[in-house]
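Letter by letter, the chains look like this.
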Amino acid sequence: MLRRIIILLILMLIISMALYAAPTAVLVDTSRSIPAHQFEQAKAMLSDVMPMLAKDGPVSLYAFNDDSKLLVGPTTDSAALKRGVAGLTQGGRYTLLYDGLYIAIKDLSKTKKPALVLLVTDGKDENSAVILADAASMAEKAHVAVLSVGMGSVQEKVMRRFAVLSGGKYAGYLSEMNSRKLSELCSDVKTKLVPFPKPPAPKTIVQKVPAEVAPKAGQSSSGSILMIVLLVLAVAIVLVVIILLIVMKKGKQSEERTCEKCGRKLNMWESECPTCLAEELSITKPGDDSQTPVSEPLPELDPELLKKDPPSEELENTLILDEVPVLVLRRGNLPQRIFQLPPDKAVSVGRDKVNTISVADKTLSGQHFRIVPKGDSFFLADLGSTNGTYMNGERVTLKELQPEYVIRAGQCEFTFRYDQKRLN
């Protein structure tokens, strides 16, 4: 009998721990912006961490690139979680980081428990429908903390914002830790989760009734109403008096306005003395010969000097050439394409049709880079592309272009040069 009671107590303890354990969502970046070898290292470490996380409560596995998907869970089955991690593959063209984070937090909010999101990414986002503030607001309401871990070319400022806005932590690079350390970091953040406040107990309001609630004979509420009316009238009279004083003061000032130079009285609508203003501008009467000539007379020239020489056939057949900036596109074995660059407009290049120069190349970002004219020079500006923009082999963000410089973007090469163009 005693043994059955002990077993029953143990089962109740396990069930209560499962009910109140903080759930975890593991969110993995599977976009192509992550180097392949670092992605495989992350999979190996997460495969070891999953059983440790499952001991503390249910775990869900999400992956995101072009969209966000729930792959496994929520579950405490370690084998199912490890199979889900082993099936992660890279793909897609974009990185919907904020969308994936928002969806995972929204799913955790349904549990009505404080929860943890283990985010493994480089911090880059492309084409998300929501912004970081939306995910942070959802995390605050749902009592969800984000533990962010970096891999690839990490944007540490963005990763730290995840942690600060959600009350979580930025753990640094995944390559600098092991599975045990990562599990301990998750447990540490879970211990600091803010629990949901308990609903306040209903208060019983006891209203004490005074012994005498009826007004005495001869008393009435009309006295208080009369006092309020008199107070409003007094305030209105004071405001009217103040307005009248201001108007009278302005009237006196307008009557006393005179010109400081000639002493002439000014009318209410005149801001300056017209007599003095006419003298300052030296206005003369029509026909007055005292007007100052606008410009000096031009010297007389011999008309013979202005005649052209008879044209020859050589001059008439002369071609006028001018140098125009162009961009030459070379892509694989395809024929090269030449685009003339306008001297007064910026030219954008990318995969999307919204660009000035649209190239159907999957290795280009939607809007990859832009060429901006400034004076007689042209500048190359990268538009936050995934694969980067390179000038003469060097990755650049903003740099001045020189003739014969080669721009590499994805699998495309663009040569900037000046070509001669016939004007007539």
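Quantities reported herein were computed from a predicted structural model and do not represent experimental measurements.

1. Looking at empty space enclosed by the protein
Okay, step 1: Enumeration according to the criterion identifies 1 cavity of 30 Å³ or more in this entry.
Okay, step 2: Space inside the largest cavity adds up to approximately 50 Å³.
Okay, step 3: Those elements that provide at least two residues to the lining of the largest cavity are α4 (97-109), α5 (132-142) and α6 (156-166).
Okay, step 4: A total of 4 residues in the lining of the largest cavity trace back to one element, the largest contributor, which is α5.
Okay, step 5: By residue class, the composition of the lining of the largest cavity is 9 nonpolar, 1 polar and no charged.

2. Some points on the sheet that holds strand β12 (residues 377-382)
Backbone hydrogen bonds are what pair the strands of a sheet, in a parallel or an antiparallel way.
Okay, step 1: Spatial strand order, β10-β9-β11-β12-β15: 5 strands in an open sheet with mixed pairing. Edge strands, defined here as strands with exactly one partner in the open sheet, are β10 (357-358) and β15 (398-400).
Okay, step 2: Sheet topology places strand β9 (residues 347-350) next to β10; 2 bridges connect them, and they run parallel. Across the sheet, residue V349 finds its bridge partner in β10, namely I357.

3. Let's talk about α5
Okay, step 1: Taken together, the buried positions of α5 are occupied by L132, A135, A136, M138, A139 and A142. Here the buried residues of α5 occupy an arc of 165° about the axis, which is enough to place them on one side. In this structure, α5 carries E140 and K141 as exposed residues pointing more than 90 degrees from its buried face.
Okay, step 2: Structurally, α5 contributes buried residues whose contacts are with α4, β5 (144-150) and α6.
Okay, step 3: At the C-terminal side of α5, H143 shows a positive phi close to 60°.

4. So, the environment of T363
Okay, step 1: Mapped onto the secondary structure, T363 falls in the loop between β10 and β11 (369-374).
Okay, step 2: Since its relative accessible area comes to 22%, T363 is described here as partly exposed.
Okay, step 3: Through-space distance from the C-alpha of T363 to that of R351 is 8.5 Å; in sequence the pair is 12 residues apart.
Okay, step 4: Residues contacting T363, with those up to four places away along its chain left out, are H368, N387, G410 and Q411.
Okay, step 5: Side-chain polar atoms of T363 contact the side chain of D361, separated by 2.8 Å.
Okay, step 6: Within the structure, the side chain of T363 is placed 3.0 Å from the backbone nitrogen of Q411, a separation counted as a polar contact.

5. As for the pairing of strand β2 (residues 59-64)
Okay, step 1: Of all 6 residues making up β2, 6 are buried, and the element is well covered by its neighbours.
Okay, step 2: Side chains V59, L61 and A63 of β2 all project onto a buried face; the interleaved residues S60, Y62 and F64 project onto the opposite face, where all are buried too.
Okay, step 3: Judged from the 6 bridges that link them, strand β1 (residues 24-29) and β2 form a sheet pairing that is parallel. By the bridge assignment for β2, D29 is matched with F64.
Okay, step 4: Note that the unit made of β1, helix α2 (residues 36-55) and β2 has a crossover that is right-handed.
Okay, step 5: Relative to strand β3 (residues 68-75), β2 runs antiparallel, the two being bridged by 5 bridges. Within the sheet, the bridge partner assigned to L61 lies in β3 and is V72.
Okay, step 6: The turn linking β2 back onto β3 is made up of 3 residues.

6. Some points on the packing of aromatic side chains
Okay, step 1: In total, this model carries 4 aromatic pairs according to the counting rule given.
Okay, step 2: Each ring, one from Y98 and one from F162, has its centre 6.3 Å from the other, and the planes form 85°; the classification is edge-to-face. Residue Y98 is found in helix α4, and its partner F162 is found in helix α6; the two are separated by 64 residues along the sequence.
Okay, step 3: Centre to centre, the rings of F416 and Y418 are 5.5 Å apart; their planes meet at 75°, and the pair counts as edge-to-face.

Rules used throughout
Residues numbered from 1 in each chain as written. Predicted model: local features only at pLDDT ≥ 70, side-chain atom pairs only at ≥ 80, totals over all residues. Heavy atoms only, no water. 1 Å grid on protein atoms, 1.4 Å probe; cavity = no way out; pocket = protein on both sides within 12 Å on 5 of 7 lines; lining within 4 Å. Points joined across faces, edges and corners; volume = space filled by probe spheres on them. Helix = DSSP H or I, 4+ residues; strand = E, 2+ residues; numbered from the N terminus. Nonpolar A, V, L, I, M, F, W, Y, C, P; charged D, E, K, R; others polar. Pairing = 2+ DSSP bridges. Buried < 20%, exposed > 50% of the residue type's maximum accessible area, 1.4 Å probe, protein only. Arc of directions from axis to C-beta. Contact = heavy atoms within 4.5 Å. Polar contact = N/O pair within 3.5 Å; in protein donor to acceptor, adjacent residues only side chain to side chain. Right-handed = clockwise from strand over helix to strand, strands pointing away. Phe/Tyr/Trp six-rings, centres within 6.5 Å; stacked < 30°, edge-to-face > 60°.

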